[in-house]
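Observations on the model geometry
Here are the chains, one letter per residue:
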Amino acid sequence: TKLLYLFFFLLIAFLTPACDNTADTEEESTEQAATSPNIIFIYADDLGYGDVSAYEVGQLSTPNIDRLANGGVKFTNGYASSATCSPSRYALLTGSYPWRNPRAKILPGTAPLLIDTAQMTVPKMLRAQGYHTGVVGKWHLGLGDGNTDWNQHIAPGPNEVGFDYSYIMAATQDRVPTVYIEDGDVVRLDPNDPIEVDYRQNFPGEPTGKDNPEMLKMKWHHGHNSSIVNGIPRIGFMKGGDAAKWVDENMADTFLVRAQDYIRMHKEEPFFLYYALQQPHVPRTPHPRFVGKSGMGPRGDVIVEADWCIGELLKTLEAEGLMENTLIVLSSDNGPVLNDGYYDDAVEKLGDHTPWGPLRGGKYSLFEAGTRVPFISYWQGHIEPTVSDAVISQIDLFASLAELVGSDARTDDSEEMLDVLMGESQDGRDELILEATTRTALRKGDWILIPPYQGPAVNKSVNIELGNAEDFQLYNLKDDLGQQKNLAEAQPEKLQEMIAAFQAIRGT
Ligand code: NG6
Ligand code: CA
C-alpha cells in the first residue's frame, strides 16, 4: 500500500508541473496571438463602395471579400485618405495626412520615393515590435532619388521605409516601367537589353499608342498613348527590358503566389504583409480563366479575379493554421471609375451595377464616392461579426495597430481606434479631412463641408463629378447620403462652424 501511495504521490508530483506548464504555454500563445497577431492589409486599387456584394448595393458577386465582411467588422463609413492612389498609400503607411506633403500626388513611374526614409511607417513600427514585414503588389510611392537607373539596384524604396521584403510594380499597371522589382532589383533583367524610361519624350524609333494604332490590342481613350507593351499603350516611354516585362494577364497570379510564399516563409514569426492588388485599375486584363465571368466586361472580371485571389490567400492562411492568429484589414485606395483611359467596355457593360453604391462622385472626386470605400477588419475568433457606422480612416490604422502590438509610436494625424477596428466600439472619428487631387473637404459628425474650388464640375474624360463649385457646399449625410441638397445657404451657422473646424485643422 505504501508503495502504491508513493507511486500516486510521484505521479501527481510529476504531472502537476507538467499541467501547469501546458497552461502557461497555452496562455502565452493566446496572449501572443492577442498582442502580436500577423497583420495583412489587402488593398485593392479603385474598388468602389458598391463593388463588394456584402455592401448590398451593386450587382457583382464577391464571395470571398463577403466572407471577411460578414465575419468581421463591415465599416459603412470607412475612408481612404484620398480619392487617388499615391496620397492614400502614403497616408496608409505613414499615418500622416497626404495634403501635408505637397509631393503626395499621382506619381509618374520615375518619381523619387515619396516617403522620407526618416519618417515613421507602419512596417517600421511593427518591425520594432518583432515583426517581419513584406509588401507584394502595387507600390506607386516613388523609388530612388528621381534619377533611377533601372539596371542597377534601385534604392531607396520599400526596403528603406520598413519592409524586409518587397515584390512590387513601381507605379501602376498603366505606367512604365512595366516590370517587377524584387528587393530593389528588376526581376529577369537582361544586362544586354537595358531598360530606359522617360516620361517626357520617346526613344527614337520606338512605337507609341498614338502613332501605331495597328499594334494595339486595347485602345486608348484619353492619355495612355505612349509606349506600347503587350499591345497595350501606356503612360510614359520605355525602351529595352523585354525579358523583364510583365505579362498583364498573369499579374494577379504572380502577386498572389508571392503573397502566399511570403506567408508560408514567415509563418513562424509575427509578420505584416501589405498585399496591394492591382485590380480593378486600368488596364483591366483578367487572366483568360476569368474572362466573361462577371458579364460586365473586364472591369467586373478583374474584380471577380481579385476576389478569387483573396479566397486563395485565405485558403493559404487556413492551410497553415493561421486564421486565428491573423488580423486582416481590407480596403481600397480610392473610389471607382469606369472609363479611366481605355476603351474596355466598363461603361457599356455595366448594366445595373453601381460601383459607387449610394454615394455621389467616384475616383478623383471630393464627393463621398471618391474616398468612402469598402473597409473591413477580420480576425477569426477575436472579432465578432458587426456592421459599424463609425467613421474610420485608413490613416487611423497606424495608431490603432501600434496600440494592438504595444508600440508607443503615434503620429499627429492617426487616431488610435483599436476598439473600433475590433468592432467593440462605434465611437469613431469626430472629424476627418478628405482629399482629392490636392483639394480638401471636411467631414464632421454627419456633416460635409466642401470649400469652393475652381475647375470643372465634371471630369468629362472619366465622367465623374469632382466636387468643384464656386460656393461652399454643405451636406448632411444623415438625411442626404447622395449629397443632393446643398445646405450652405439654409444653415449659415452650421456653415460657419464647419468652416472654422476646417480651418483649425488645415491651418488656412
Ligand atoms: C491618371 C490616369 C489614370 C490613372 C490615374 C492614377 C490619364 C489620363 N489618367 O493620370 O488612368 O492611371 O492617373 O490612378 O493618364 S491611381 O489609382 O493610381 O491614382
Ligand atoms: Ca487607385
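Report on the accompanying structure. (Residues numbered from 1 in each chain as written. Chains lettered and ligands numbered in written order. Predicted model: local features only at pLDDT ≥ 70, side-chain atom pairs only at ≥ 80, totals over all residues. Heavy atoms only, no water.)

All right, on to helix H3 (residues 85–94) then. Judged by how many residues are buried, H3 sits mostly within the fold: 10 of 10 residues are covered. Along H3, the residues classified as buried are Cys85, Ser86, Pro87, Ser88, Arg89, Tyr90, Ala91, Leu92, Leu93 and Thr94. (Buried < 20%, exposed > 50% of the residue type's maximum accessible area, 1.4 Å probe, protein only. Helix = DSSP H or I, 4+ residues; strand = E, 2+ residues; numbered from the N terminus.)

This part takes up the sheet that holds strand S15 (residues 431–436). Taken in spatial order, the four strands make up an open sheet running S15-S16-S17-S20, and their pairing is antiparallel. Each having just a single partner strand, S15 and strand S20 (473–476) make up the two edges of the open sheet. The sheet shows a mean angle of 20 degrees between the axes of neighbouring strands, taken without regard to direction. With four bridges joining them, strand S17 (residues 447–450) and S20 adopt antiparallel strand pairing. What sits directly across from Ile448, in S20, is Tyr475. Packed on one face of the sheet, helix H10 (residues 492–506) meets S15, strand S16 (439–444), S17 and S20 and runs near 120 degrees to S16. (Pairing = 2+ DSSP bridges. Axes fitted to C-alpha atoms, helices over the stretch in contact; angles between N-to-C directions. Contact = heavy atoms within 4.5 Å.)

In this section: the packing of helix H5 (residues 251–265) against helix H6 (residues 297–319). Across the interface, H5 lies against H6 with an axial gap of 10 Å and an inter-helix angle of 15 degrees. On the basis of their axis angle, the class for H5 and H6 is roughly parallel. Every pair of crossing elements has a handedness; the one defined by H5 and H6 is right-handed. Across from Ala252, Asp253, Leu256, Ala259, Gln260, Ile263 and Arg264 in H5, the residues of H6 making contact are Glu305, Trp308, Cys309, Glu312, Leu313, Thr316 and Leu317. Per-class residue counts for the contact of H5 with H6 are eight nonpolar, two polar and four charged. (Parallel < 35°, antiparallel > 145°, perpendicular 65-115°, else oblique. Left-handed = near helix turned anticlockwise from the far one by under 90°. Nonpolar A, V, L, I, M, F, W, Y, C, P; charged D, E, K, R; others polar.)

Before going further, it helps to spend a moment on the coordination of the calcium ion (ligand 2). Looking at the metal site, the calcium ion (ligand 2) is ligated by Asp45 (OD), Asp46 (OD), Asp333 (OD), Asp333 (OD) and Asn334 (OD1), spaced 2.2 to 2.7 Å from it. Geometry at the calcium ion (ligand 2) is irregular, judged from the six donor atoms that bind it and their angles of 52 to 171 degrees at the metal. All donors to the calcium ion (ligand 2) come from one chain, and their sequence spacing reads D-D-x286-D-N. A residue pair is termed long-range when its members are at least 10 positions apart, and Asp46 in the loop between strand S1 (38–44) and helix H2 (63–71) and Asp333 in the loop between strand S12 (326–332) and helix H7 (368–371) qualify at 287 residues. Side by side, Asp46 and Asp333 carry an identical accessibility label, which is buried. (Donors = N, O, S within 2.8 Å, 3.2 Å for Na, K, Ca; no water. Tetrahedral: all angles 85-135°; square planar, octahedral: opposite > 155°, others 65-115°.)

The pairing of strands in a sheet comes from backbone hydrogen bonds and takes either a parallel or an antiparallel form. Taken together, 10 strands build an open sheet; the order of strands is S6-S5-S4-S3-S11-S1-S12-S13-S2-S14 and the sheet is mixed. Looking at which strands have only one partner, the edges of the open sheet turn out to be strand S6 (185–186) and strand S14 (386–393). Where S1 lies against S12, seven bridges are found, and the strand directions are parallel. Residue Asn38 lies in a different strand from S12, and its bridge partner there is Thr326. Set on the sheet, H2 makes contact with S1, strand S2 (73–79), S12 and strand S13 (375–378); between it and S13 the angle comes to about 70 degrees.

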